[in-house]
Amino acid sequence: MNNYENLCFATEGDVAVITLNRPNRRNALSLELMLELIDCLDQIGKDHGLRAVVLAAAGKVFSSGHDLSEMVGRDLNEYRRLFDVCSQLMEKVQSIPQPVIAQVQGIATAAGCQLVATCDLAVASDQAAFATPGVKIGLFCTTPMVAVSRAVGRKRALQMLLTGEMVDAVTAADWGLINLVVPAEELAEATRKLATQITKASSLTVALGKEAFYAQIDLDQPKAYAYAKEVMSMNSLAVDAQEGISAFLGKREPSWVGK
């Protein structure tokens, strides 16, 4: 996973760190970059030694969205291919067992904002800002709308989509687009702290919980409860669940085995 042209990959203990590495193009999500990111996330998802993922970006901009140089003079099938890969990327972020935390140091716009909204968690610098500005160039941010509207709700999503105006980090946190805003110099530390909190839990439990969250979130309440109670019943049989309960009752630290 060290041979990517548009990404840097590293591990810090049991945390995977992916860095978008096209700073000269404002980390625009080219087709090649998206395919590399899908591949990288897929491999991380298969590595049981990795417990959380930090998604960062080089330079001053987190991501400016799709690479507009790939958006001119193409035919319909080429555009479909581009947005199909983008959708695959967003689905891959949420389908791997490890939580993915966006570390947002700067501006995230259009599909870049979509990527932040898609990540399971997001920590942002106080210098970050977010927008879905496609309306200003005649290309409505329809695919970013899917992730953004699920994060911030209808009225706020439509405000972003119809005006294209920037939302600062503090407002983005208030709206639920991101989890936390910290001073720029504390961003990496705060993101790693959140990742470390996650890695202390059973990897099996976290994976089950992440999968269940996305499976139930768009179901109506009776169906969500029917699904959730079955997942929780099966979870109760897991070795880690029995160990965790026993450890709590015995007032000791649990010893996880991931089963």
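For clarity, every value in this text was computed on a predicted model and none was experimentally measured.

(A) Molecular detail of unusual backbone geometry. Even without being a glycine, Arg 26 presents a positive backbone phi close to 55 degrees. Residue position: Arg 26 is located in the loop between strand E2 (15–20) and helix H1 (31–45). The partly exposed category is assigned to Arg 26, whose relative accessible area is 43%.

(B) The arrangement of the layout of surface pockets in detail. Estimated volume of the largest pocket: approximately 740 Å³. As for the largest pocket, its lining consists of 29 residues, and the residues nearest its centre are Gln 94, Ala 117, Thr 118, Arg 150 and Tyr 214. Listing elements by their share of the lining of the largest pocket, those giving two or more residues are helix H2 (76–95), helix H3 (111–118), strand E6 (121–125), helix H4 (142–152) and helix H8 (203–216). The class makeup of the residues in the lining of the largest pocket is 16 nonpolar, eight polar and five charged. The calculated volume of the second largest pocket comes to roughly 410 Å³. Around the second largest pocket, the lining is made up of 21 residues, and of these Ser 64, His 66, Leu 68, Ala 110 and Ile 137 lie nearest the centre. For the lining of the second largest pocket, the element with the most residues is H4, which contributes three residues. Looking at the lining of the second largest pocket residue by residue, the class counts come to twelve nonpolar, six polar and three charged.

(C) Fine view of a negative patch on the surface. Taken together, Asp 126, Glu 185, Glu 186 and Glu 189 make up a surface patch of like negative charges. The residue Asp 126 is located in the loop between E6 and strand E7 (129–131) in this model. Taking the relative accessible area as the measure of exposure, Asp 126 reaches 46% and is therefore partly exposed.

(D) Local environment of the pattern of salt bridges. By the definition in use, this model includes nine salt bridges. Across the pair Asp 42 and Lys 92 runs a salt bridge whose closest N-O atoms are separated by 2.9 Å. Remark: Lys 92 occurs in helix H2 and Asp 42 occurs in helix H1; sequence separation between them is 50 residues.

Rules of the game
Residues numbered from 1 in each chain as written. Predicted model: local features only at pLDDT ≥ 70, side-chain atom pairs only at ≥ 80, totals over all residues. Heavy atoms only, no water. Helix = DSSP H or I, 4+ residues; strand = E, 2+ residues; numbered from the N terminus. Buried < 20%, exposed > 50% of the residue type's maximum accessible area, 1.4 Å probe, protein only. 1 Å grid on protein atoms, 1.4 Å probe; cavity = no way out; pocket = protein on both sides within 12 Å on 5 of 7 lines; lining within 4 Å. Points joined across faces, edges and corners; volume = space filled by probe spheres on them. Nonpolar A, V, L, I, M, F, W, Y, C, P; charged D, E, K, R; others polar. Patch = residues over 30% accessible without salt bridge, like charges linked within 9 Å, V, L, I, M, F, W, Y side chains within 5 Å. Areas by Shrake-Rupley, 256 points an atom, 1.4 Å probe, with all protein chains shown as cover. Salt bridge = Lys/Arg side-chain N within 4 Å of Asp/Glu carboxyl O. Lys, Arg positive; Asp, Glu negative; His and termini not counted. Charge placed at Lys NZ, Arg CZ, Asp CG, Glu CD.

On their own, these measurements won't tell you what the molecule is for.
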